[in-house]
Amino acid sequence: MKVTEQLANATDTIISLEILPPTKGKSIESIYQGLDPLMEFKPSFVNVTYHRAEQIYKKREDGNFERVEIRKRPGTVGICAAIMNKYKVEAIPHLICGGFTKEETENALIDLHFLGVNNVLALRGDAASNEKFFSAHPHGHRYAEDLVKQIISLNKGKYMEDDIIDGVKTNFCIGVAGYPEKHFEAPNLDTDIEYLKRKIEFGADYVTTQMFFNNDHFYNYVQRCKEHGMNAPIIPGLKPLTGKRQLNVIPSIFNVEVPVELYKAIMDAKTEADSDQVGTEWLLYQCRELLKNKVPMLHFYTLGKPKVIYNVLKQLL
Ligand code: FAD
């Protein structure tokens, strides 16, 4: 079922989970170990992230270095198929522009369509590891909105090759990313929202947000989006913050604020169990408040902490 259909038919709280493919060489069992207990809460969707290839320098036998591309976390499409097969739950692959030609994207969409995947999250992706700023593949897309346009074309049966007449129409429901505290490259929140609105106008169906630890950022964002004339569902993205290291890493990677109370509570935690408890209580509080404020759905970034998500959901649902 499409995300939009689930939202329209919802009679209870809908939840979705986001996972990363395992690093190359690791078994898919690690995914199952994280997801098995969470299936108790009947998630409607499992999102699977996509990770672009990285450039690294490898020493050759002659002592010189050569630049090679490696993909540390392959397998997004395969994991989606495995999850759909094992748990009978919808999987949502993330698609990124970075590193892909339009043709490769089209072929990936055809694969997904054949697999029965009807939902995708369309993203630009971040800069390659050897670049400071994002640069598009010469035959690829510059912004997520261009990827949205390509998916919409395919939904209309319009393929890149002009001589394909009456092409099969795909049926993708398209999610896009939104940033309650603005995307780090955007000059201000209003400009960022205007670009988000374009993604919706080009055909995206809903927005999933970056994580936030202060719900006021989310409420403000939803309000500002409305003021910009945007009415698509906005799904809050939620992640537990559980360790001292994350206090610096998360704000710098994701450009999000850590509220003072949460910062202090994590700093005061003596053990990992204590900080897990702080993260659990904070996330539970966020979820309860969001549900009171009638959010359409809760999206959880499980990233390495499925146990904390489990404890939150056990108390929430
Ligand atoms: P865009 O919507 O293209 O926006 C990027 C920047 O350009 C913004 O500052 C925006 O304001 C600006 N902009 C947009 N359109 C235009 C335009 N037409 N002209 C000028 N400026 C414009 N990354 C991954 O690599 N893999 C993942 O699986 C992944 N999953 C994610 C899931 C969620 C829910 C979120 C919130 C993010 C995810 N990301 C993922 C990170 C994302 O790829 C990065 O944040 C990336 O830097 C921006 O992607 P975007 O789709 O928001 O880009």
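Conventions adopted
Residues numbered from 1 in each chain as written. Predicted model: local features only at pLDDT ≥ 70, side-chain atom pairs only at ≥ 80, totals over all residues. Heavy atoms only, no water. Helix = DSSP H or I, 4+ residues; strand = E, 2+ residues; numbered from the N terminus. Rg over C-alpha atoms; globule rule 2.2 N^0.38 Å. Buried < 20%, exposed > 50% of the residue type's maximum accessible area, 1.4 Å probe, protein only. Contact = heavy atoms within 4.5 Å. Areas by Shrake-Rupley, 256 points an atom, 1.4 Å probe, with all protein chains shown as cover. Lys, Arg positive; Asp, Glu negative; His and termini not counted. Charge placed at Lys NZ, Arg CZ, Asp CG, Glu CD. Near = heavy atom within 4 Å. Polar contact = N/O pair within 3.5 Å; in protein donor to acceptor, adjacent residues only side chain to side chain. 1 Å grid on protein atoms, 1.4 Å probe; cavity = no way out; pocket = protein on both sides within 12 Å on 5 of 7 lines; lining within 4 Å. Sits in = over half its atoms within 2 Å of the grid points. Nonpolar A, V, L, I, M, F, W, Y, C, P; charged D, E, K, R; others polar. Arc of directions from axis to C-beta. Points joined across faces, edges and corners; volume = space filled by probe spheres on them. Axes fitted to C-alpha atoms, helices over the stretch in contact; angles between N-to-C directions. Parallel < 35°, antiparallel > 145°, perpendicular 65-115°, else oblique. Left-handed = near helix turned anticlockwise from the far one by under 90°.

**Q** Would you mind going over the overall build of the chain with me for this structure?
**A** A tally of regular secondary structure across the chain gives eleven helices and ten strands. Expected size for 317 residues packed as a compact globule is a radius of gyration near 20 Å; at 20 Å, the chain falls within 12% of this value. With respect to the principal axes defined by its C-alpha atoms, the chain has extents near 60 × 60 × 45 Å. In the chain, which comprises 317 residues, the proportion classed as buried is 49%. In the chain, 74% of the contacts between residues at least 6 apart in sequence involve partners at least 24 apart. Here the chain has roughly 16,000 Å² of accessible surface; of this, 50% comes from carbon and sulfur atoms. On the chain, the mean spot of the 39 positive side-chain charges and the mean spot of the 41 negative ones are 3 Å from each other.

**Q** Would you mind showing me how to read the environment of Gly63 here?
**A** Assignment of secondary structure puts Gly63 in the loop between β3 (54–59) and β4 (65–70). Judged by relative accessible area, which is 31%, Gly63 ranks as partly exposed. Each C-alpha atom of the pair Gly63 and Arg124 lies 37 Å from the other, and the pair is 61 residues apart in sequence.

**Q** What is the right way to read the site of the ligand from this model?
**A** Lining the immediate surroundings of the ligand are 24 residues, of which Tyr50, Asp126, Tyr179, Asp192 and Lys199 lie closest. In the environment of the ligand, a nitrogen atom lies 3.3 Å from a nitrogen or oxygen atom belonging to the side chain of Glu145. The side chain of Lys199 places a nitrogen or oxygen atom 2.7 Å from an oxygen atom of the ligand. Protein burial of the ligand: of its 980 Å² of free accessible surface, 88% is covered by the chains. Cavity membership is defined here by more than half of the atoms lying within 2 Å of grid points; on that basis the ligand lies in the largest pocket. Elements represented by at least two residues in the shell around the ligand include exactly β5 (90–96), β6 (119–123), α5 (144–155), α6 (189–201) and β8 (206–211). Looking at side-chain class alone, the shell around the ligand contains eleven nonpolar, seven polar and six charged residues.

**Q** Can you help me understand helix α2 (residues 29–38) in this one?
**A** Along α2, the residues that are buried comprise Ile31, Tyr32, Gly34, Leu35 and Leu38. Around the axis of α2, the buried residues are gathered within 165° of arc, so they sit on the same side. Here the buried face of α2 lies against β1 (15–19), β2 (45–48), α3 (76–87) and α11 (306–316).

**Q** What exactly am I supposed to notice about the layout of surface pockets here?
**A** Gaps left between atoms are located by rolling a probe of water-molecule size over the structure's atoms. By volume, the largest pocket is sized at about 1,600 Å³. Together, 49 residues line the largest pocket, and Leu123, Gly125, Asp126, Tyr179 and His183 are the ones closest to its centre. Tallied by class, the residues present in the lining of the largest pocket amount to 23 nonpolar, 13 polar and 13 charged. Looking at the second largest pocket, it is lined by 16 residues, and the ones nearest its centre are Leu20, Ser30, Ile31, Leu303 and Gly304. The element that contributes the greatest number of residues to the lining of the second largest pocket is α2, accounting for five residues. Of the residues in the lining of the second largest pocket, the class split is nine nonpolar, five polar and two charged.

**Q** Would you take a moment to explain the packing of helix α10 (residues 272–292) against α11 for this structure?
**A** The description of two packed helices rests on the angle between their axes and on the distance between the axes. Contact geometry for α10 and α11: axes closest at 9 Å, N-to-C directions at 45°. Considering the angle they form, α10 stands oblique to α11. Seen along the crossing, α10 lies across α11 with a hand that is right-handed. Of α11, the residues touching α10 (which contributes Asp276, Gly279, Thr280, Leu283, Leu284, Cys287, Arg288 and Leu291) are Val308, Ile309, Asn311, Val312, Gln315 and Leu316. Broken down by class, the residue content of the contact of α10 with α11 amounts to eight nonpolar, four polar and two charged.

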